[in-house]
Amino acid sequence: MREYRILPEAEMQRQNGFRDKVKELSESRKETLGRPLMAYVQTFGCQQNEADSEKIAGMCRAMGYEICYEPALADLIMVNTCAVREHAEKKALSIIGQYKHLKNAKPDMLIGVCGCMVTQEHRKENIKHSYPYVDFVLGTSSLHRLPELIYTKIKKGKRLYCPEEKEYLVAEGLPIYRESSYRAWVSIMYGCNNFCTYCIVPYVRGRERSRRPEDIIAEVKELVDAGYKDITLLGQNVNSYGKDVRSEDGEMYDFADLLADIDKIEGDYKIHFMTSHPKDASHKLIDVMAESKHIARQFHLPMQSGSDRVLKAMNRHYDTEKYLGTVEYFRKKIPDVTISSDIIVGFPGETEEDFEATLYMLEKVRFDMTYSFIYSPRKDTPAAAMECQIPDDIKGERFNRLLALQNDIALEKNKPMEGEILRVLCDGPSKNNDNVYSGRTEGNKIVLFDGNESDIGSFVELKIVRAETFALYGEKI
Ligand code: SAH
Ligand code: SF4
Ligand code: F3S
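Residues numbered from 1 in each chain as written. Chains lettered and ligands numbered in written order. Predicted model: local features only at pLDDT ≥ 70, side-chain atom pairs only at ≥ 80, totals over all residues. Heavy atoms only, no water.

S.K.: What is the right way to look at the environment of Val-204 in this model?
M.R.: With respect to the helices and strands, Val-204 occurs in helix H6 (residues 201-205). Separated by 63 residues in the primary sequence, Val-204 and Ser-141 place their C-alpha atoms 8.5 Å from one another. (Helix = DSSP H or I, 4+ residues; strand = E, 2+ residues; numbered from the N terminus.)

Encoded structure:
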């Protein structure tokens, strides 16, 4: 018997009670106004937050709101915030600041702030004192309580600051309003136990808790049956899926087991997942991927730094030798695997030598893509209190050197793809040119091609005719 930490059904029922009451109120407002009520959900941060926003939108619809994409049209604005770097917090605060005018023009409008930023006590206080027109604040542990908050706010009129739950649990069964009809997120676990010294996530997302495999498999199956083509399984460290689960008889069910079971679902689809922590990426997982039919040949394995000394100070629990071993095993088992990484530059105490070790690792591993970040001190994390913080100009200069090297490598990796025939999932007209269509390969590389509307959401076979650093160019065959 495995014991998963799921929010009690009684609490979900209690929230459903609030949901129904808000729906009644929305219906009567709709009649008075002669139009439906509108909700606008704005998302900052990672895929986990995007997935949460789809739940927020789902709950809003269940409460009688329609979703709109223009804040000025909204009767309810939900800002789902991120705290991973200072820039993310500044952006969210600046947007919340701009909503003051909307609220002045439409005093009945409700504004709620949720997500990682406001799971921090000092940010909750910040909103309380500096943004008096924000109606309610709720952190990541209490997202399921949105109906209760909206109902209480409408009935009592007071501003509300939902306290964090004592224990962070999995809320099953929240409605999801998905943005896309062919790409989907599926959270398989929440929270993080790793406490990398630079990172705020464990403080704002609580401890790791896994969803039940049967719930995940049922959700993926439903998506595949509904025609979804690309499904990304989400967790801060998917490799520790199942490790938080108490089991009387010691029976284990890990991420590789989950992938193997998902792969049995029949249909034409690909499974991606993120993020993998290098300390836990097992051979068993790689073997399952190599033998699978539906698991994409793509792997995002954040290295963070190429210096063993810095990795230790980051509390990452692996060294470059272990990292290279994992990459090597991957390429042996799946030679055409696409590997990407996250890199932080300017971690406290990073010397020129440490930084050069990162450049060296980039040359050695030859990632297809990297997402690079300038270290941003986060309040109350160990790294923020470390001595030898790196000055901004040095961080910036290292960041640019890193990008320049990675751009060269990405181009070198992409060039040999010219002439290859690839299956690409089409997303629609590209951002910059309506006549050019854009899609993504199994390895998540962008391909531009001459497509049409009927390609959107379908796999298209393309011959790659030109490769550049950030995109491939294809022709239909
Ligand atoms: N759980 C994932 C990623 C979480 S955050 C993982 O472990 O890889 C996404 C990325 O943001 C991290 O991989 C890291 O590269 C970066 N990041 C996290 N905290 C940061 C900080 N304080 N400053 C700069 N980058 C940071
Ligand atoms: Fe942050 Fe590390 Fe957890 Fe990733 S594994 S979320 S970087 S603490
Ligand atoms: Fe940001 Fe929270 Fe994701 S801090 S990166 S939105 S888990």
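S.K.: What exactly am I supposed to notice about the site of ligand 1 here?
M.R.: Tyr-198, Gln-236, Gln-304, Asp-342 and Ser-376 are the nearest of the 15 residues found near ligand 1. Taking Asp-342, its side chain carries an N or O atom lying 2.6 Å from an oxygen atom of ligand 1. Ser-376 places a main-chain nitrogen or oxygen 2.8 Å from a nitrogen atom of ligand 1. Protein contacts shield 90% of the accessible area of ligand 1, which totals 540 Å² for the unbound molecule. Sorting the residues of the shell around ligand 1 by element identifies strand S15 (338-345) and strand S16 (369-374) as the ones contributing at least two each. (Near = heavy atom within 4 Å. Polar contact = N/O pair within 3.5 Å; in protein donor to acceptor, adjacent residues only side chain to side chain. Areas by Shrake-Rupley, 256 points an atom, 1.4 Å probe, with all protein chains shown as cover.)

S.K.: Before we go on, may I ask you to explain the environment of Ala-260 in this structure?
M.R.: Counting through the fold element by element, Ala-260 comes out in helix H8 (residues 255-263). When the C-alpha positions of Ala-260 and Arg-401 are compared, they lie 40 Å apart, and in sequence the two are 141 residues distant.

S.K.: Could you clarify how one ought to interpret the domain arrangement of the protein chain in this entry?
M.R.: As a measure of interface size, the accessible area lost when the parts come together is often cited. Taken as a whole, the protein chain is organised into domain 1 (2-161), domain 2 (183-416) and domain 3 (418-476). On a C-alpha basis, the centroid separation for the pair domain 1 and domain 2 is 30 Å. Across the domain 1 to domain 2 interface the summed buried area is about 2,600 Å²; carbon plus sulfur atoms make up 52%. In this structure, the connection of domain 1 to domain 2 is made through five salt bridges. Close ionic contact of Glu-251 with Arg-2 constitutes a salt bridge, the shortest N to O distance being 3.0 Å. Linking domain 1 with domain 2 are 12 residue pairs in polar contact (both at pLDDT 80 or more). Those elements that place two or more of their residues in the side of domain 1 that touches domain 2 are strand S1 (2-3), helix H2 (47-62) and helix H3 (86-105). Here the element with the most residues in the side of domain 1 that touches domain 2 is H2; it accounts for eight residues. For the side of domain 1 that touches domain 2, a count of residues per class yields seven nonpolar, seven polar and 10 charged. (Domains from an automatic or database assignment. Buried area = accessible area lost by both parts, 1.4 Å probe. Salt bridge = Lys/Arg side-chain N within 4 Å of Asp/Glu carboxyl O. Nonpolar A, V, L, I, M, F, W, Y, C, P; charged D, E, K, R; others polar.)

S.K.: I tried to follow the sheet that holds strand S3 (residues 65-67) on my own but got confused; where do I start?
M.R.: To summarise the sheet geometry, strands pair through backbone hydrogen bonds and adopt either a parallel or an antiparallel arrangement. The sheet built from six strands is open, its strands ordered S3-S2-S4-S5-S6-S7 with parallel pairing. Both edges of this open sheet fall to S3 and strand S7 (160-161), since each of them pairs with a single strand only. Relative to strand S4 (residues 76-81), strand S2 (residues 37-43) is paired through five bridges, and the arrangement is parallel. Among the inter-strand pairings, Tyr-40 is bridged to a residue of S4, identified as Ile-77. (Pairing = 2+ DSSP bridges.)

S.K.: Explain the sheet that holds strand S14 (residues 298-300) here, please?
M.R.: If you walk across this open sheet you meet the three strands as S14-S15-S16, and the pairing is parallel. A single partner strand is all that each edge strand has here, and the edge strands are S14 and S16. On average, each strand axis in the sheet is inclined to that of its neighbour by 15°, with strand direction left out of account. Two strands pair when backbone bridges link them, and S14 and S15 are joined in this way by three bridges, in the parallel orientation. Bridged to Gln-298 within S15 is Thr-338. (Axes fitted to C-alpha atoms, helices over the stretch in contact; angles between N-to-C directions.)

S.K.: Explain the pattern of salt bridges here, please?
M.R.: Note that side chains of opposite charge can pair when their charged atoms are close. For the structure on display, the rule yields 47 salt bridges. With its nearest N and O atoms 3.2 Å apart, the salt bridge here joins Arg-5 to Asp-244. Residue Arg-5 is found in the loop between S1 and helix H1 (9-33), and its partner Asp-244 is found in the loop between strand S11 (230-234) and strand S12 (246-247); the two are separated by 239 residues along the sequence. Pair check on accessibility: Arg-5 and Asp-244 agree, each one buried. Residue Asp-225 pairs with Lys-221 through a salt bridge whose shortest N-O separation is 3.0 Å. A residue pair is termed a helical-turn pair when its members lie 3 or 4 positions apart in one helix, as Asp-225 and Lys-221 do in helix H7 (residues 213-225) at four residues. Residue class for Asp-225 comes out exposed when judged on its relative accessible area of 54%. When salt bridges that share partners are traced, they join Glu-350, Glu-352, Glu-356, Glu-397, Arg-398 and Arg-401 into one network. (Buried < 20%, exposed > 50% of the residue type's maximum accessible area, 1.4 Å probe, protein only.)

S.K.: Quick question: what am I supposed to make of the packing of aromatic side chains here?
M.R.: Working definition: an aromatic ring pair is given by the centre-to-centre distance plus the angle between the planes. In this structure the tally under the stated criterion is 10 aromatic pairs. Relative to Tyr-203, the ring of Phe-195 lies with its centre 5.3 Å away and its plane at 85°, an arrangement referred to as edge-to-face. Taken together, a centroid distance of 4.2 Å and an interplanar angle of 40° make the contact between Phe-299 and Phe-330 tilted. Within this pair, whereas Phe-299 is found in strand S14, its partner Phe-330 is found in helix H11 (residues 320-333), the two being separated by 31 residues in sequence. Both residues of the pair, Phe-299 and Phe-330, belong to the buried class. (Phe/Tyr/Trp six-rings, centres within 6.5 Å; stacked < 30°, edge-to-face > 60°.)

S.K.: Hey, could you run me through the nonpolar core in this one?
M.R.: Where a protein is soluble and globular, its nonpolar side chains tend to be buried together. Ranked by internal contacts, the top residues of the largest apolar core, which has 69 residues, are Val-220, Leu-233, Phe-255 and Leu-259. Not counting residues within four places of it along the chain, the set of residues in contact with Val-220 comprises Val-186, Ile-231, Leu-233, Ile-262, Ile-265 and Ile-271. (Core = buried A, V, L, I, M, F, W, Y, C linked by side-chain atoms within 4.5 Å. Contact = heavy atoms within 4.5 Å.)

S.K.: Quick question: what am I supposed to make of the packing of H11 against helix H12 (residues 352-365) here?
M.R.: Two packed helices can be described by the angle between their axes and the distance between those axes. Two elements in contact, H11 and H12, have axes separated by 11 Å at closest approach and are oriented at 15°. Classified by the angle their axes make, H11 and H12 are roughly parallel. As for the relative orientation of H11 and H12, their crossing is right-handed in sense. Facing Thr-320, Tyr-323, Leu-324, Val-327 and Arg-331 of H11, the residues of H12 in contact are Met-361, Lys-364 and Val-365. (Parallel < 35°, antiparallel > 145°, perpendicular 65-115°, else oblique. Left-handed = near helix turned anticlockwise from the far one by under 90°.)

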